[in-house]
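# Results of the structural survey
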Amino acid sequence: MKLVVGNQKNYMSLKDVSLFLKDIKLNDNVIICPSNIYIPFYLKRGFKLATQNICENKTITGEITFSQAKSLGINTTILGHSERRSLYETNEIINCKIKEAIENDFKIILCVGETEDEMNEKEIVLKKELEECLKDVTNFENIIIAYEPIWAIGTGKIPSNNDIYESIKYIKDLTNSIYNTEIKVLYGGSVNSENIKEINQIENLDGVLVGKASTNIDEFLKIIEVVNS
Ligand code: PGA
């Protein structure tokens, strides 16, 4: 079954969360990444959750740790989202987090993708991100890649199906040749209820990472329905 991950970022107010949680039932292949402060509300509803980011088990103001997430039964995290990379997170930092995540038995959704200026050298960018983020990693069982072209995030612009197919193929071939592993790859960037039918036709797609459209329950349910059809 394909995966649907809802990255709700810091979009929602408490009222939005209450509306979202009202009557919703979600299948097992759906993972929600709520804003940290709302996690307990989602937990009460028994949803599968992941954190949007995580920090090593050390004292840093404003961060949450693997141990804290684990204490709530959460064992999945997004890492390397471009919005985190734009703050301060380098491939080296993400690599440390991935290794610590593996030690903590966490599942990882690792985001990679090129900027608009890097479109012509997409494969070089993807290769560098993957090689540096996965340096010295030996256990790939719990790693999923999310291919998210940065220019497609929150912009309404998306690559053609063929371009997405080629990028996913590149990521799968590369990880297969270097690490001898069959990795799952999601697509993320402006996925919504209108374009999901087309995106869902991409042959090598293992699921989608949905940002803004995951905060509106009707929109999100439509996306899930198409993916599960
Ligand atoms: P978007 O965000 O769907 O709002 O473009 C995707 C993401 O940032 O993961």
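Our subject is the structure listed above.
Residues numbered from 1 in each chain as written. Predicted model: local features only at pLDDT ≥ 70, side-chain atom pairs only at ≥ 80, totals over all residues. Heavy atoms only, no water.

What follows is about the overall build of the protein. Regarding its fold elements, the protein presents 9 helices and 7 strands. Along the first, second and third principal axes, the C-alpha atoms of the protein reach 45 × 45 × 30 Å. The buried share of the protein, taken over its 229 residues, is 52%. Partitioning the intrachain contacts of the protein with sequence separation of at least 6 by distance along the chain shows that 68% fall at a separation of at least 24. Accessible surface, the protein: about 11,500 Å² in total, of which carbon and sulfur atoms supply 47%. In the protein, 26 side chains carry a positive charge and 34 a negative one; their mean positions are 6 Å apart. (Helix = DSSP H or I, 4+ residues; strand = E, 2+ residues; numbered from the N terminus. Buried < 20%, exposed > 50% of the residue type's maximum accessible area, 1.4 Å probe, protein only. Contact = heavy atoms within 4.5 Å. Areas by Shrake-Rupley, 256 points an atom, 1.4 Å probe, with all protein chains shown as cover. Lys, Arg positive; Asp, Glu negative; His and termini not counted. Charge placed at Lys NZ, Arg CZ, Asp CG, Glu CD.)

Any two packed helices are characterised by the angle at which their axes cross and by the distance between the axes. Look at helix α5 (residues 91–103) against helix α6 (residues 122–133): their axes get within 8 Å of each other, and the N-to-C directions meet at 45°. With respect to α6, the element α5 is oriented oblique. Contact with α5, carried on its side by Asn91, Ile94, Asn95 and Ile98, involves Lys128, Glu129, Glu132 and Cys133 of α6 and no other residues of that element. When its residues are assigned to classes, the contact of α5 with α6 shows 3 nonpolar, 2 polar and 3 charged. (Axes fitted to C-alpha atoms, helices over the stretch in contact; angles between N-to-C directions. Parallel < 35°, antiparallel > 145°, perpendicular 65-115°, else oblique. Nonpolar A, V, L, I, M, F, W, Y, C, P; charged D, E, K, R; others polar.)

Summed over all chains, the structure comprises 7 aromatic pairs. Centroid distance tyrosine 38 to phenylalanine 41: 6.4 Å. Interplanar angle 50°. Geometry classified as tilted. Judged by its relative accessible area of 37%, phenylalanine 41 is partly exposed. Relative to tyrosine 179, the ring of phenylalanine 140 has its centre 4.7 Å away and its plane inclined at 40°; by these criteria the two rings are tilted. Note that phenylalanine 140 is positioned in the loop between α6 and β5 (143–147) and tyrosine 179 in helix α7 (residues 161–179), a separation of 39 residues in sequence. Pairwise contacts between aromatic rings join Phe20, Tyr42, Phe47 and Phe220 into one cluster. (Phe/Tyr/Trp six-rings, centres within 6.5 Å; stacked < 30°, edge-to-face > 60°.)

Here we take up the site of the ligand. As a matter of local geometry, the ligand sits amid 14 residues, with Lys9, His81, Glu148, Gly154 and Ser190 nearest to it. Contacts to the ligand include glutamate 148, whose side-chain N or O atom sits 2.7 Å from an oxygen atom. Backbone polar atom of glycine 154 to an oxygen atom of the ligand: 2.6 Å apart, as the coordinates give it. For the ligand, the protein covers 98% of the area, taking 280 Å² as the surface of the free molecule. Residue composition of the shell around the ligand, grouped by class: 5 nonpolar, 6 polar and 3 charged. (Near = heavy atom within 4 Å. Polar contact = N/O pair within 3.5 Å; in protein donor to acceptor, adjacent residues only side chain to side chain.)

Turning to the nonpolar core, a few remarks are in order. Counting 60 residues, the largest nonpolar core has Tyr42, Ile98 and Val208 as the members making the most contacts within it. In this structure, Ala50, Ile78, Leu186 and Leu209 belong to the second largest nonpolar core, which totals 12 residues. (Core = buried A, V, L, I, M, F, W, Y, C linked by side-chain atoms within 4.5 Å.)

What follows concerns the sheet that holds strand β7 (residues 207–210). Strand pairing in a sheet relies on backbone hydrogen bonds. The paired strands run either parallel or antiparallel. In spatial order, the strands read β2-β1-β7-β6-β5-β4-β3; together these 7 strands make up an open sheet with parallel pairing. Unpaired on one side and paired on the other, β2 (30–33) and β3 (76–79) mark the two borders of the sheet. Pairwise comparison of adjacent strand axes, ignoring direction, gives a mean angle of 25° for this sheet. Sheet topology places strand β4 (residues 107–112) next to β5; 5 bridges connect them, and they run parallel. From the neighbouring strand, cysteine 111 faces β5, where its bridge partner is alanine 146. Across the sheet, α5 is in contact with β3, β4 and β5; its angle to β4 comes to roughly 160°. (Pairing = 2+ DSSP bridges.)

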